[in-house]
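Fold and contact review
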Amino acid sequence: NLLKIVTSVHPQVRSAVAQGNGAKLDVDVAKWAFWPTVSVSAQRTDGPQSTVQNGTSFTVQQPLWSGGALDARVAAAEKLDQSSAEQVNVVRGDVALRLVDAWAGLLDAEANRAVTTRTLEGLNRYQSIMQRRVSAGLSSSVELKLLSVRVSRARGAALGSGGAR
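These lines cover the structure that appears in this document, whether it is placed above or below. Small disclaimer: the values here were computed from a predicted structure and weren't measured.

Some points on the pattern of salt bridges
Under the counting rule described, the total for this entry stands at 2 salt bridges. A salt bridge links E110 to R113, with the shortest nitrogen-to-oxygen separation between them at 2.7 Å. Taken together, the positions of E110 and R113, both in helix 3 (residues 69–136) and 3 residues apart, correspond to about one turn of that helix. Take E110: its relative accessible area is 41%, and that puts it in the partly exposed class. In this structure R113 comes out as buried when scored by relative accessible area, which is 14%.

Focus: the packing of helix 1 (residues 2–9) against helix 3
Interhelical geometry of helix 1 versus helix 3 gives an angle of 135° and a closest axis separation of 9 Å. By the criterion of interaxial angle, the relationship of helix 1 to helix 3 is oblique. At the point where helix 1 passes helix 3, the crossing takes the right-handed sense. Contact with helix 1, carried on its side by L2, L3, V6 and T7, involves R92, V95, A96 and L99 of helix 3 and no other residues of that element. Residues that form the contact of helix 1 with helix 3 fall into these classes: 6 nonpolar, 1 polar and 1 charged.

Concerning the nonpolar core
Of all hydrophobic cores here, the largest spans 8 residues; its members are L120, L123, M130, L144, L147, V151, A154 and A158. When contributions to this core are tallied by element, the ones reaching two or more residues are helix 3 and helix 4 (141–161). The leading source of residues in this core is helix 4, at 5 residues. The contact partners of L144, leaving out residues within four places of it in the chain, are Q127, M130, Q131 and V134. The next biggest cluster of nonpolar side chains, apart from the first, holds 6 residues, and it includes V13, A16, V88 and V91.

Quick look at helix 2 (residues 11–32)
Taking 1.5 Å as the rise per residue, helix 2 with 22 residues should run 32 Å; its terminal C-alpha atoms sit 32 Å apart, in good agreement. Those residues of helix 2 lying buried are V13, A16, G20, A23, V27 and A30. Projection of helix 2 onto a plane perpendicular to its axis shows the buried side chains occupying an angular sector of 95°, all on one side. Across helix 2 from its buried face, at more than 90 degrees, point the exposed residues P11, R14, L25, V29 and W32. Packing partners of the buried residues in helix 2 comprise helix 1 and helix 3.

Description of helix 3
Relative to the 100 Å expected for 68 residues at 1.5 Å per residue, helix 3 spans 99 Å between its end C-alpha atoms, a close match to the ideal helical length. Note on helix 3: the residue one or two positions beyond its end, G137, has a positive phi of about 80°.

Parameters at a glance
- Residues numbered from 1 in each chain as written.
- Predicted model: local features only at pLDDT ≥ 70, side-chain atom pairs only at ≥ 80, totals over all residues.
- Heavy atoms only, no water.
- Salt bridge = Lys/Arg side-chain N within 4 Å of Asp/Glu carboxyl O.
- Helix = DSSP H or I, 4+ residues; strand = E, 2+ residues; numbered from the N terminus.
- Buried < 20%, exposed > 50% of the residue type's maximum accessible area, 1.4 Å probe, protein only.
- Axes fitted to C-alpha atoms, helices over the stretch in contact; angles between N-to-C directions.
- Parallel < 35°, antiparallel > 145°, perpendicular 65-115°, else oblique.
- Left-handed = near helix turned anticlockwise from the far one by under 90°.
- Contact = heavy atoms within 4.5 Å.
- Nonpolar A, V, L, I, M, F, W, Y, C, P; charged D, E, K, R; others polar.
- Core = buried A, V, L, I, M, F, W, Y, C linked by side-chain atoms within 4.5 Å.
- Expected span 1.5 Å × (residues − 1).
- Arc of directions from axis to C-beta.

Right, dumping it as structure tokens:
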């Protein structure tokens, strides 16, 4: 559901869709070139030395033969429309890929945090066991110092990943 929402409202997707809509309009404009063009103009001339002249012209232009230029414009506009539709799919795919990549990064960070937390808990248990063994004289204090360094490193990793609470 999130993927559908993101791939429909993301600004890059909306921009690609708008360009696609523009390409569809370009096809319509190219097809309108087959229809006649109508123009009307009116003119009035006044002058101190001339008589008043009025004129109106009505013009209709219809392409009879364009050497295939009109068909070529329509075909080019249709290809641009197809290309724009594919570009929308490409942009949607890119946005979806970035979303999935971000989600995978989040899951990976959460898994790393959980592993670091479990490691730290295990080291803390081991450290309390070693403290009892050193107190009882069963182990050397050097082993406890080495274990303290490992616990410090694990705490640093937990703080770096946001796992310490």
